[in-house]
Amino acid sequence: MKAARVTDVLQESEHVWTVRFDLEGSALPGQFAMLWVPGGEEMPMGLSYIDWGSKGATFKVVGDGTMALSKLKPGACLGTKGPLGRGYAIKGADIIAIAGGTGIASLAPAIELAVSGGKRVTVVLGAKSAGEMLFEKRLKRLSVNLQLATDDGSLGKKGFATDIAQRLVEKGGYDQMLACGPEPMLARAARMAEEFGIESQCSVERHMKCGLGLCGACALGGARVCVEGPVFVGKALLSMPDFGKRRLAPSGKVISF
Amino acid sequence: MKAARVTDVLQESEHVWTVRFDLEGSALPGQFAMLWVPGGEEMPMGLSYIDWGSKGATFKVVGDGTMALSKLKPGACLGTKGPLGRGYAIKGADIIAIAGGTGIASLAPAIELAVSGGKRVTVVLGAKSAGEMLFEKRLKRLSVNLQLATDDGSLGKKGFATDIAQRLVEKGGYDQMLACGPEPMLARAARMAEEFGIESQCSVERHMKCGLGLCGACALGGARVCVEGPVFVGKALLSMPDFGKRRLAPSGKVISF
Amino acid sequence: MASLSATVGKLRLANPTILAAGILGMTAEQMLEALKGGAAAVVTKSIGLKAAEGHPNPTMVETECGYLNCMGLPNPGIDDFKPEVEGVAKHDGIVIGSVYAKDAKGFAALARKMESYGASAVELNLSCPHAAGLGAEMGSSLTRVRNITRAVKKAVDIPVFPKLTPNVQKIAGLALAAEKGRADGIVAINTLKAMAILPEARTPILSNAYGGYSGPGIKPVGVRCVYEIAGEVDIPIIGVGGICSGRDAIEYIMAGASAVQIGSAVAAHGPGVFAKVCAEMGEFMTANGYKRLSDMVGAARGGR
Amino acid sequence: MASLSATVGKLRLANPTILAAGILGMTAEQMLEALKGGAAAVVTKSIGLKAAEGHPNPTMVETECGYLNCMGLPNPGIDDFKPEVEGVAKHDGIVIGSVYAKDAKGFAALARKMESYGASAVELNLSCPHAAGLGAEMGSSLTRVRNITRAVKKAVDIPVFPKLTPNVQKIAGLALAAEKGRADGIVAINTLKAMAILPEARTPILSNAYGGYSGPGIKPVGVRCVYEIAGEVDIPIIGVGGICSGRDAIEYIMAGASAVQIGSAVAAHGPGVFAKVCAEMGEFMTANGYKRLSDMVGAARGGR
Ligand SMILES: Cc1cc2nc3c(=O)[nH]c(=O)nc-3n(C[C@H](O)[C@H](O)[C@H](O)COP(=O)(O)OP(=O)(O)OC[C@H]3O[C@@H](n4cnc5c(N)ncnc54)[C@H](O)[C@@H]3O)c2cc1C
Ligand SMILES: Cc1cc2nc3c(=O)[nH]c(=O)nc-3n(C[C@H](O)[C@H](O)[C@H](O)COP(=O)(O)OP(=O)(O)OC[C@H]3O[C@@H](n4cnc5c(N)ncnc54)[C@H](O)[C@@H]3O)c2cc1C
Ligand SMILES: Cc1cc2nc3c(=O)[nH]c(=O)nc-3n(C[C@H](O)[C@H](O)[C@H](O)COP(=O)(O)O)c2cc1C
Ligand SMILES: Cc1cc2nc3c(=O)[nH]c(=O)nc-3n(C[C@H](O)[C@H](O)[C@H](O)COP(=O)(O)O)c2cc1C
Ligand code: FES
Ligand code: FES
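Residues numbered from 1 in each chain as written. Chains lettered and ligands numbered in written order. Predicted model: local features only at pLDDT ≥ 70, side-chain atom pairs only at ≥ 80, totals over all residues. Heavy atoms only, no water.

Enquirer: So what's going on with the overall build of chain C? Residues and values would help.
Expert: On a plain count of helices and strands, chain C comes out with 11 helices and 16 strands. If you line up chain C on its principal axes, its C-alpha atoms span 50 × 50 × 40 Å. Taking all 304 residues of chain C together, 70% fall into the buried category. By sequence separation, contacts in chain C at least 24 residues apart represent 71% of the contacts at least 6 residues apart. Seen as two clouds, the 30 positive and the 26 negative side-chain charges of chain C have centres 7 Å apart. (Helix = DSSP H or I, 4+ residues; strand = E, 2+ residues; numbered from the N terminus. Buried < 20%, exposed > 50% of the residue type's maximum accessible area, 1.4 Å probe, protein only. Contact = heavy atoms within 4.5 Å. Lys, Arg positive; Asp, Glu negative; His and termini not counted. Charge placed at Lys NZ, Arg CZ, Asp CG, Glu CD.)

Here you go:
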């Protein structure tokens, strides 16, 4: 475990925060880190910023661990393990990225990389409502085709991100789909990509303990999400009977989504 | 510890043997290795051959350990640690090397290196008597000025190697002296070099246990012979009150030579 | 070609490598991955009577020479674990069911269920160093080791392997107690009790402060324990602790182990570590003229 | 600039690093090298009543994560060792005399001589894992630890530091016994009992088969032991085991150590390792706002 120093703490929306810290080294878009506020609970977080000298995580406050992260002050010590796992492997010239909720956190660096690599990128950014829309400004600064969607129609198109994406994909032309969000959304996205013959890469979440590929807590089929994931090729995910349906609770009990 | 395989066992003279083994890697002339015939006693031995793929030790049978070494058969397993310690750092254009008894074992590779580096090399090779003269053939193959000396005059000049060397050194022209042999001989050599203003490098023996610089068994002044030696600059040796006079017994008791 | 097939009492194994308890042993699919990766058998996560979440995170940290963990025995409970054992057994995989409980009765009940699910053997976790009142705390008592082993032996027909803790003065004494309880073999070692502190955080890293140390750093201790145990008991030993290579496995085997388990090395090498270790063992055996694995078992005990 | 000065009971040290027993502690000149290299004090090789050669070679082997040794307490005997202790003391070096014996009377006699030679403290080797009937064999008994400590305390005025073995179930219990014997501090840990086998040779490498494991691989165990001991006793602790860097030293200090000893790291870094560790500690303290070493002692014990 490495001690990083917190450099910035930003509130992105009512419940979402970004913590930046000075962890050095390279990271691939889609990789994650285990973050620990000493004394509290350590947890996995996708990396929303992956500069050489500075990393960041963008997260929703849903419990004690994320609450403690959001309360950090610059200069504080943050325990880190990582970058861990496999990130997005961008392929083709025309990319569609679909993000639900905080899913955009780990997708944003992938989108930035694709744009700087000269790809045409369409982003479908979904949120429950206008107040929860994340990284809108960050994406508007890039030359991407940005499509906003809210469940309640308070901003952008009304509907699920996957529904908006479907309309675009039907028109054709995409080489690859990147997706991050709740697993049922990912399942829909992966099936859609399959149907239209597009390669897809989806970032999956599982309850993680060790983050190092040993404890087995993060099982998805025979794979360890912390090592073989969190980004998987959609085709591989669709072949796993538990994808989108079942996962392990912290005890190892099999539970349904 | 690495397991090497014995490739050759050669009898050099009545009591002296050479064992060759297939230990890979680079070694400097003057470095040594800890050798262990499994089940027996491990002991330090200068390297008399230092080819990349093959090393060798040339030793006098003086006890159980060296006896066991001499009885090895090709294919046998030899436990090895090393190469260890500091070797000879050859300097100048005109070198005189003085060897007493098995001292030529670790000097021979240094002489070969000096010759192949275009140095003028004089070798004074001392032995008790003709039957104990070592590496005569090996040295005759090189273009060196070879001076043989025996205590009883049965081969070459009669007298100690250091006496023969003194006559040569008095004529001048040497830049460096290399010496290996019994410590009183080394003391004489180092003083001679000092007197004539020549840099000298002497290879010293001490009872060794760990060979790794920890146990302190091989103390010579504040130095560890297994790490800072076995080759020392003569000037440094002369500043150590115990050089040529006292050493540690295996118990750590201070004993005289 | 040298034969790697191994026997541990009644257990016949295609090779001597087994997935260690608590590593990828949560689901049938993960255990099948280890078998695909070359393991001859798998040990399940240690399973108790009821579901437990284990300790909060951080439960694991990497150190210079291995890992420290305080998982704290998370498990879904024996009843929910049925499909996982069955899922391996029905693919003809050899599953060893690891169980933990607070008393002999509990161990016996768990072992019976493991047997009914199709486990080929049962491993008794008498050695977890970070679960209050369980594991090593009871596993350090000679009487309890003997009595628990005896109770389980009475309850099941499959082989029973108590897994012992090295955090005692004399592990061979524990092994003897297990043998007296009619154990079919001994598994050694579980992790060493250890700690890591993050200086900037001024606190132990693991939520439980203490954890169990595994990986390369514990190998010399594990080999010593197996050598000591082999001098004391006649039943077979399964060696575990820090095995990453064929040479590591052979050290354990020459010390007296009939087979080995591999845990932490899965992190660096993935489930393919078993095939890697077997290939390296095969190379060593060929180069050194060993035909059968059994020619190496305890070989280092003859010399001295 | 952060101050590194340390206190261990009555002992005042310029910095918290001390040369560990048995490393370069054979002669005055070697000990002076360690002091020149930055150590604030040195511990001698463990000295007995009579000269002993120790075990035959191989007495030491390097492994992946450290070293195994079975030196077997070679020493010239206390009388012959006089000039070595005096040789350090007359240069104003702080020498801690390490002693071993087979009973309390022997320990007391040795300690008295060390005191008369000018030792600033005496360390009791109750923990060597490879000397039959000595060291750890007696050091695992609570009564003997207490009685030996008490006898030495009665014999000398200089501080008395029993050095304890980690090869027991509860090292903190031994520390408590030492405290009851009026020890002035605890030194922990000595080496772990371990073994290495050379597969090609089919035999344990060390002549004594078993050896003591030191170096980076034992650090997590040492830190755990110090943390446990600090929870049990009020006397100061000197931490030892696998320290190579300033961060390593700080782990021990935050676990509860007032000073540290360094042994195996001398192999890789030479006697300059003490200055290196001190410089790294100083950097950490400056970066993290610590003014005094004492602000870090036991810091990791507050959190939980
Ligand atoms: C690879 C990966 C990347 C992630 N990236 C992000 C991200 O970029 N932004 C973000 O907001 N969240 C992300 N998460 C989810 C994040 O880990 C949880 O929100 C966080 O652990 C909640 O902790 P808590 O203590 O605040 O809540 P708790 O009260 O402990 O739990 C709330 C919920 O969070 C989830 N959770 C809790 N602990 C874990 C755990 N150890 N592993 C996985 N899920 C857990 C569970 O669903 C739980 O019900 C990611 C998870 C994974 C596995
Ligand atoms: C750096 C170094 C290089 C050496 N190189 C050579 C060499 O090239 N050729 C050669 O013939 N000899 C060499 N020696 C000496 C060699 O190590 C001893 O001859 C050998 O250890 C004797 O072992 P034994 O069991 O046969 O004899 P023993 O009966 O054990 O002892 C005979 C004598 O050998 C010496 N000796 C024994 N054990 C050791 C030990 N562990 N370390 C040092 N000396 C010991 C002692 O003087 C002892 O009295 C070297 C020694 C050192 C320190
Ligand atoms: C993450 C993790 C979880 C473990 N869980 C268990 C367990 O549930 N039961 C058990 O008996 N041992 C458990 N162990 C111990 C291992 O089975 C093994 O004894 C130990 O890790 C040493 O082997 P290794 O060095 O190959 O990892 C666990 C070890 C690790 C690293
Ligand atoms: C070669 C060697 C000799 C040792 N001799 C002694 C000794 O005589 N007395 C003693 O108490 N400890 C002895 N020890 C143990 C060390 O003092 C120390 O406790 C141990 O090596 C752990 O520290 P380290 O990891 O920094 O080496 C010895 C260790 C080594 C490696
Ligand atoms: S979190 Fe432990 S294996 Fe993935
Ligand atoms: S032989 Fe041990 S220090 Fe040199």
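Enquirer: Got a sec to walk through the interface of chain D and chain C? Specific residues and values, please.
Expert: How big an interface is tends to be stated in terms of the accessible area lost upon association of its parts. With 48 residues of chain D in contact, the opposing surface of chain C contributes 48 residues. Interface of chain D and chain C: buried area, both sides summed, is about 4100 Å²; carbon and sulfur atoms make up 56% of it. On the surface where chain D and chain C come into contact, there are 6 salt bridges. The salt bridge involving E64(D) is made with K219(C); its shortest N-O contact spans 4.0 Å. Viewed at the interface, chain C and chain D are joined by 16 residue pairs in polar contact (both at pLDDT 80 or more). (Buried area = accessible area lost by both parts, 1.4 Å probe. Salt bridge = Lys/Arg side-chain N within 4 Å of Asp/Glu carboxyl O. Polar contact = N/O pair within 3.5 Å; in protein donor to acceptor, adjacent residues only side chain to side chain.)

Enquirer: Can you break down helix 2 (residues 78-89) of chain C residue by residue, with the values?
Expert: Its 12 residues place the ends of helix 2 of chain C 16 Å apart at the C-alpha level, agreeing with the 16 Å of an ideal helix rising 1.5 Å per residue. For helix 2 of chain C, the elements touching its buried residues are strand 18 (254-256) of chain A together with helix 1 (28-36), strand 4 (41-43), strand 7 (95-99) and helix 3 (104-117) of chain C. (Expected span 1.5 Å × (residues − 1).)

Enquirer: Please set out the pairing of strand 7 of chain C residue by residue, giving values where relevant.
Expert: Residue and element names in this part refer to chain C. For strand 7, the tally of buried residues reaches 5 of 5 residues, placing the bulk of the element in the interior. Side chains V95, G97 and V99 of strand 7 all project onto a buried face; the interleaved residues I96 and S98 project onto the opposite face, where all are buried too. Relative to strand 7, strand 4 runs parallel, the two being bridged by 2 bridges. Looking at the pairing, V43 lines up with I96 of strand 7. Following the chain from strand 7 across helix 3 to the adjacent parallel strand 8 (residues 121-125), one finds a crossover that is right-handed. (Pairing = 2+ DSSP bridges. Right-handed = clockwise from strand over helix to strand, strands pointing away.)

Enquirer: Describe in detail the site of ligand 2, supporting the description with residues and values.
Expert: All names here are of chain B. Around ligand 2 there are 20 residues in total, and P44, G46, G65, T66 and M208 lie nearest to it. One nitrogen or oxygen atom from the main chain of G63 is found 3.1 Å from an oxygen atom belonging to ligand 2. Between an oxygen atom of ligand 2 and a main-chain N or O atom of G65, the distance comes to 2.7 Å. For the shell around ligand 2, the secondary-structure elements that each account for two or more residues are strand 4 (42-46), strand 6 (55-60) and helix 1 (64-70). Broken down by element, the shell around ligand 2 gets its largest block of residues, 4 residues, from strand 4. Tallied by class, residues from the shell around ligand 2 come to 9 nonpolar, 7 polar and 4 charged. When residues of the shell around ligand 2 are assigned to domains, at least three map to each of domain 1 (2-84) and domain 2 (94-256). (Near = heavy atom within 4 Å. Nonpolar A, V, L, I, M, F, W, Y, C, P; charged D, E, K, R; others polar. Domains from an automatic or database assignment.)

Enquirer: Could you give an account of the pattern of salt bridges, with specific residues and numbers?
Expert: Considering all chains together, one arrives at 47 salt bridges over all chains under this definition. Across the salt bridge formed by E194(B) and K235(B), the nearest N and O atoms sit 2.8 Å from each other. Taken together, the residues E194(B) in helix 5 (residues 183-195) and K235(B) in helix 6 (residues 234-238) connect sequence positions 41 residues apart. Look at K235(B) and you get exposed, because its relative accessible area is 56%. One salt bridge connects K102(C) with D103(C), and the closest N-O pair in it is separated by 4.0 Å. Each of E64(C), K219(D), D248(D) and E251(D) takes part in a single network of salt bridges with overlapping partners.

Enquirer: Requested: an account of the interface of chain D and chain B, with residues and values cited.
Expert: Contacts between the two partners involve 37 residues from chain D and, on the opposite side, 33 residues from chain B. At the junction of chain D with chain B, the criterion picks out 1 salt bridge. For the salt bridge of K253(B) with D80(D), the shortest nitrogen-to-oxygen distance reads 3.4 Å. Applying the counting criterion to the chain D and chain B interface returns 8 residue pairs in polar contact (both at pLDDT 80 or more). Looking at the side of chain D that touches chain B, its residues break down into 20 nonpolar, 10 polar and 7 charged.

Enquirer: Any details on the site of ligand 4? Residues and values, ideally.
Expert: Residue and element names in this part refer to chain D. Neighbouring ligand 4 are 24 residues, the closest being A21, S46, K163, G242 and S264. The separation between a nitrogen atom of ligand 4 and a polar side-chain atom of N125 is 3.1 Å. At 2.6 Å from an oxygen atom of ligand 4 is found a main-chain nitrogen or oxygen belonging to G242. Against a free-state accessible area of 610 Å², the protein chains account for coverage of 98% of ligand 4. Looking at the shell around ligand 4, its residues break down into 10 nonpolar, 12 polar and 2 charged. (Areas by Shrake-Rupley, 256 points an atom, 1.4 Å probe, with all protein chains shown as cover.)

Enquirer: Break down the packing of aromatic side chains for me, citing the residues and quoting the values.
Expert: In this description, a pair of aromatic rings is defined by centroid distance and the angle of the planes. All chains considered together, the criterion is met by 6 aromatic pairs over all chains. Between Y49(A) and F135(A), the ring centres sit 6.2 Å apart and the planes meet at 70 degrees, which makes this aromatic pair edge-to-face. In this pair, Y49(A) sits in strand 5 (residues 49-50) while F135(A) sits in the loop between strand 9 (120-127) and helix 3 (136-140), placing the two residues 86 residues apart along the sequence. Taken as a pair, Y49(A) and F135(A) share a single burial class, namely buried. Centroid distance F284(C) to Y290(C): 6.0 Å. Interplanar angle 20 degrees. Geometry classified as stacked. Between the NZ or CZ atom of R138(A) and the centre of the ring of Y49(A), over which it lies, the distance is 4.0 Å. A cation over a ring is seen here: K193(D) above Y210(D), with NZ or CZ 4.4 Å from the ring centre. (Phe/Tyr/Trp six-rings, centres within 6.5 Å; stacked < 30°, edge-to-face > 60°. Lys NZ or Arg CZ within 6 Å of the ring centre and 35° of its normal.)

Enquirer: Which residues make up the pairing of strand 16 (residues 259-262) of chain D, and what values go with them?
Expert: All names here are of chain D. Residue alternation in strand 16 divides its side chains into two sets, A259 and Q261 and V260 and I262, and both sets are buried. In the sheet, strand 3 (residues 17-19) pairs with strand 16 via 3 bridges, with the strands oriented parallel. Residue pairing across strands places I18 opposite Q261, the latter belonging to strand 16. Across 3 bridges, strand 15 (residues 237-240) lies against strand 16 in parallel orientation. Each residue of the ladder has a partner; that of V240, found in strand 16, is Q261. A crossover connection joins strand 15 to the parallel strand 16 through helix 8 (residues 246-255); in handedness this β-α-β unit is right-handed.

Enquirer: Kindly report on the relation of the copies chain D and chain C, identifying the contributing residues and their values.
Expert: To go from the first copy of the chain to the second, apply a rotation about an axis and then a shift along the same axis. Each copy of the sequence occupies a distinct position, and chain D is placed on chain C by a rotation of 180 degrees and an axial shift of 0.0 Å, giving an RMSD of 0.0 Å. Considering both components of the superposition, the chain copies are consistent with a two-fold axis. Mapped onto chain C, 100% of the interface residues of chain D are again interface residues, and the two copies thus contact each other with one and the same surface. (Least-squares fit on C-alpha atoms with pLDDT ≥ 70 in both.)

Enquirer: Outline the packing of helix 7 (residues 219-230) of chain C against helix 8 (residues 246-255) of chain C, supporting the account with residue identities and numerical values.
Expert: Residues and elements named next belong to chain C. With their axes 8 Å apart at the nearest point, helix 7 and helix 8 run at an angle of 20 degrees to one another. When the axes of helix 7 and helix 8 are compared, the pair comes out roughly parallel. Two packed elements cross with a definite hand, and for helix 7 against helix 8 that hand is right-handed. Seen from helix 7, the contacting residues are K219, G222, V223, V226, Y227 and A230; seen from helix 8, they are D248, E251, Y252 and A255. Of the residues belonging to the contact of helix 7 with helix 8, the class tally is 6 nonpolar, 1 polar and 3 charged. (Axes fitted to C-alpha atoms, helices over the stretch in contact; angles between N-to-C directions. Parallel < 35°, antiparallel > 145°, perpendicular 65-115°, else oblique. Left-handed = near helix turned anticlockwise from the far one by under 90°.)

Enquirer: Describe the packing of helix 3 of chain C against helix 5 (residues 142-155) of chain C, listing the residues and the values that go with them.
Expert: All names here are of chain C. Where helix 3 contacts helix 5, the axes come no closer than 8 Å and their chain directions differ by 35 degrees. You can see that helix 3 and helix 5 cross each other, and the crossing is right-handed. Facing helix 3, whose interface residues are A104, F107, A108, A111, R112 and E115, helix 5 presents N147, I148, A151, V152 and A155. For the contact of helix 3 with helix 5, the class distribution of residues is 8 nonpolar, 1 polar and 2 charged.

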